[in-house]
Amino acid sequence: MNTKEKLAELTQLNPICFGHSSITALTGPDFGLRVDDSIQSSIGSVLNCDNANDMISIQKEHLKNSPHNIPLLFMADIIHGFKTIFPIPIALGCTFSPENAKKSSQVAAKESAVSGIHVTFSPMADLVRDPRWGRVMESTGEDPYLNSLMSAYSVLGYQGDNVADKYNIVSCVKHFAGYGVPEGGREYNTVELSNATLHDMFLPAYRSALEAGAKMIMTSFNTINRVPASSNSYLLQDLLRKEWGFDGVVISDFNSIDEVINHGVAQNGYEAAEKCLNASVDIEMMSTHYIDTIEQVINDGLLEENALDNAVMRVLELKNQLGLFENPYKDANIEEENTIHLCKEHRELARNIAHESAVLLKNDNVLPISNGKKIGLVGPFACSPHVLGGWSAGSTKGVSLYEGLLEEFAPEDILLSATDELGSMFDNIYDIPNISSNLIDDLHQCDTVIVALGENQQDTGEGASKTNLRLSPNQELLVKTLKESGKKIVTVIFSGRPLEIKPIVDYSDSILQAWFLGTESGNAITDLLLGKANPSAKLSMSFPVTVGQIPVYYNCTNTGRPKANTPKERYVSKYLDCPNEPLYPFGFGLSYSTFEISNLEISTVEKITASVCVKNTSTIKGNETVQLYIRDLTSSVSRPLKELKGFSKVTLDANESTTVSFDITKDMLSFYTETSKVFEKGYFDIMIGNSSDNLLQKNIYVDENIL
Ligand code: BGC
């Protein structure tokens, strides 16, 4: 290969550049990017082509012209399913089930593989703390341990044992690193993180995905501690390549090599390309600075030809591992698209995972409701099929709540009112119409009203930061009006982020946080509302009382002046007008069953084991997620008040009890100071319970001898 061909191999363009219009998404600037015809035939990969027909024709055409017969790699954003859409990742996190991450990723891999996709840009392992940021929906939440497990299992699901095998695709973990905490929650904004926090909280999930075998990683848009992630030689060279030993492919984010110029770290494309390739970003996504400038960079002695060759080899090696040199179409198959996409088995799994994803936040004896009586159904999500959640590449509609309820209720028993859909802020629509004065008349025959509220799914995801997290005024008014008329209110919230729902809590007898549950949304919510499925999900991200508290997350450190018990004390760390605690914390979620966790015991014979007794104190079979948290009381740096270190999801029959134990390892007690992980002997609080704010606690002393 000559140098130009090598550089083209490192360039990723979308299908438009190949004369095709079908793309699942274009999430960045479209500069009408084109390359010379002489280069086009050597381009290495395609972004977001979404069907077998186009893939096959692009690949065929490409191979006719490719000077070295090198097939194209097809990459796409398969984030929470391809055609069968699963709950959005923040909701998947609430299942506390790595197995769900694996199974849903397996299905996503199969459905996209038959459409000709070889690589998915998933999982997003970015830890999140700020619900103003639209992309919290793509993360599994605020905890590094949960994120690590979910990311690793997603990788296992996508890639299987061997990516060359049928229906497996390559997983590209993203966005390296720290993209999840842009200042002010504003998209693409600056990230500042101490090394200790970066290592302790933000890096583990990316690393865990790589340890699970992810063959690719994507850089992020942001600067981190002043250096753009895409040209960050500390992150990419020192840490990723040298310390972690990653020898797979690094890809930039969409145009993020070019954006190094806007960050003010390169004057032009030449400098940006030099910095990013030297930092070891192999593939340039949707800009062409490598093609345009790297020959000159090499001639100027600023990059070794060897570095270019290594990057090209990594890409070719990936193609080889996928078996593309033998079969450039891999699993692309138009007939199989018809039989596999949205098949019964996939939808069933999506429905079951959705049962485990929706979080019951409040229940004052209203749920489950029974069919047979008349119910009211109101609000912008009552009949809306737009419930898949952003990044649902291959599908547009899911089962609406109304459609789901119609499976259980006679049409005349569902009284509809005020069901206008909520528009998107991108169209300058901020609210539903004023509620009509007929509302109560429409609903007079029923006692219980399901109020389906939320935010438009388009107002979540990339480029959807917000400063106001309240439901729109008319939605708040809707709940209040209904409650004041004496109805029992079941509020179902559709959102891609924790919203500020405090204003409607008192007007709701029950609240189900449904997030966006994907294809089977309406069916799964109906199952939950009727008790055909018992809620078991736990929040993967804290819900703020007010936007002014953000960031509010459970694994924070103490201050020198923690909040005192005496309310009058002035000089302590608190707000005058709001509690420090979130409205609903990480790990919280109710069930129709009730559970009692008792008898925390810690044994230090040979190893450290903590155990509790868990009892289902109700007459309903249910699942409880027993959570282990640890606090290191004194160490060389300030440590979080509690950190999740283990969990176990148990299923218990009515009145059944069991013992749940956790082995406490040295790794669980270790932490990062600056860049190295250390264990320091001392006192630790061991806490077990069913929410980060409902824990039994014991204190133990641990030194090397016990571990
Ligand atoms: C997003 C990535 C995505 C890429 C390709 C970017 O705008 O940040 O998450 O994978 O586009 O579509």
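Because the structure is a prediction, the values reported are computed rather than measured.

About the cut-offs
Residues numbered from 1 in each chain as written. Predicted model: local features only at pLDDT ≥ 70, side-chain atom pairs only at ≥ 80, totals over all residues. Heavy atoms only, no water. Helix = DSSP H or I, 4+ residues; strand = E, 2+ residues; numbered from the N terminus. Rg over C-alpha atoms; globule rule 2.2 N^0.38 Å. Buried < 20%, exposed > 50% of the residue type's maximum accessible area, 1.4 Å probe, protein only. Contact = heavy atoms within 4.5 Å. Salt bridge = Lys/Arg side-chain N within 4 Å of Asp/Glu carboxyl O. Core = buried A, V, L, I, M, F, W, Y, C linked by side-chain atoms within 4.5 Å. Phe/Tyr/Trp six-rings, centres within 6.5 Å; stacked < 30°, edge-to-face > 60°.

(A) Geometry of the overall build of the protein chain. On a plain count of helices and strands, the protein chain comes out with 21 helices and 25 strands. Expected size for 707 residues packed as a compact globule is a radius of gyration near 27 Å; at 26 Å, the protein chain falls within 12% of this value. In terms of overall dimensions, the protein chain has a C-alpha envelope of 75 × 65 × 45 Å along the principal axes. The 707 residues of the protein chain split such that 61% are buried. In the protein chain, the share of contacts with a sequence separation of at least 24, taken over all contacts with a separation of at least 6, comes to 79%.

(B) Fine view of helix α20 (residues 521–529). With nine of nine residues buried, α20 is to be regarded as a mostly interior element. Every buried residue of α20 is listed here: S521, G522, N523, A524, I525, T526, D527, L528 and L529. The inward-facing, buried residues of α20 contact α15 (344–357), α16 (401–406), β14 (448–454), β15 (488–494) and β16 (510–513). Once α20 ends, the next one or two residues include G531, with phi positive near 80°.

(C) Highlighting the pattern of salt bridges. For the structure on display, the rule yields 37 salt bridges. When the shortest N-O distance is used, the salt bridge between D77 and K174 registers 3.3 Å. With D77 in the loop between β3 (73–76) and α4 (89–93) and K174 in strand β5 (residues 170–176), this pair connects stretches of sequence that are 97 residues apart. In this structure, D77 and K174 share a single accessibility class: buried.

(D) Structural context of the environment of P368. In this structure, P368 sits in the loop between β11 (359–363) and β12 (375–378). P368 sits 224 residues away from Y592 along the chain, and the two C-alpha atoms are 7.7 Å apart. Dropping the residues within four chain positions of it, P368 is found in contact with L529, L530, G531 and Y592.

(E) Here's a closer look at the nonpolar core. Ranked by internal contacts, the top residues of the largest apolar core, which has 164 residues, are F176, Y290, I450, I501 and L529. At six residues, the largest contribution of residues to this core is made by helix α13 (residues 305–321). The residues contacting F176, other than those within four sequence positions of it, are L203, Y206, I217, M218, T219, S220, A229, L235, L236, L239, L240 and W244.

(F) Spatial organisation of unusual backbone geometry. A cis amide bond links K174 to the next residue, H175, at an omega of -10°. Omega for the peptide link from I550 to P551 comes to 5°, which places this bond in the cis form. Along the chain, P551 turns up in the loop between α20 and β17 (595–603). You will see that M286, though not glycine, has its phi angle at about 60°, which is positive. Structurally, the position occupied by M286 is in the loop between β10 (284–285) and α12 (289–299). Of the residues examined, M286 reaches a relative accessible area of 3% and is grouped as buried.

(G) Focus on the packing of aromatic side chains. On inspection of all chains with the given rule, the structure shows 17 aromatic pairs. Measuring from centroid to centroid gives 5.9 Å for Y145 and F647, while their planes differ by 80°, and the two rings are edge-to-face. Here F647 lies in strand β20 (residues 643–652) and Y145 lies in helix α6 (residues 144–159), a separation of 502 residues in the sequence. You can call F647 buried: its relative accessible area is 15%. Ring centres of F543 and Y584 lie 6.5 Å apart, and the angle between their planes is 70°; this geometry places the pair in the edge-to-face category.

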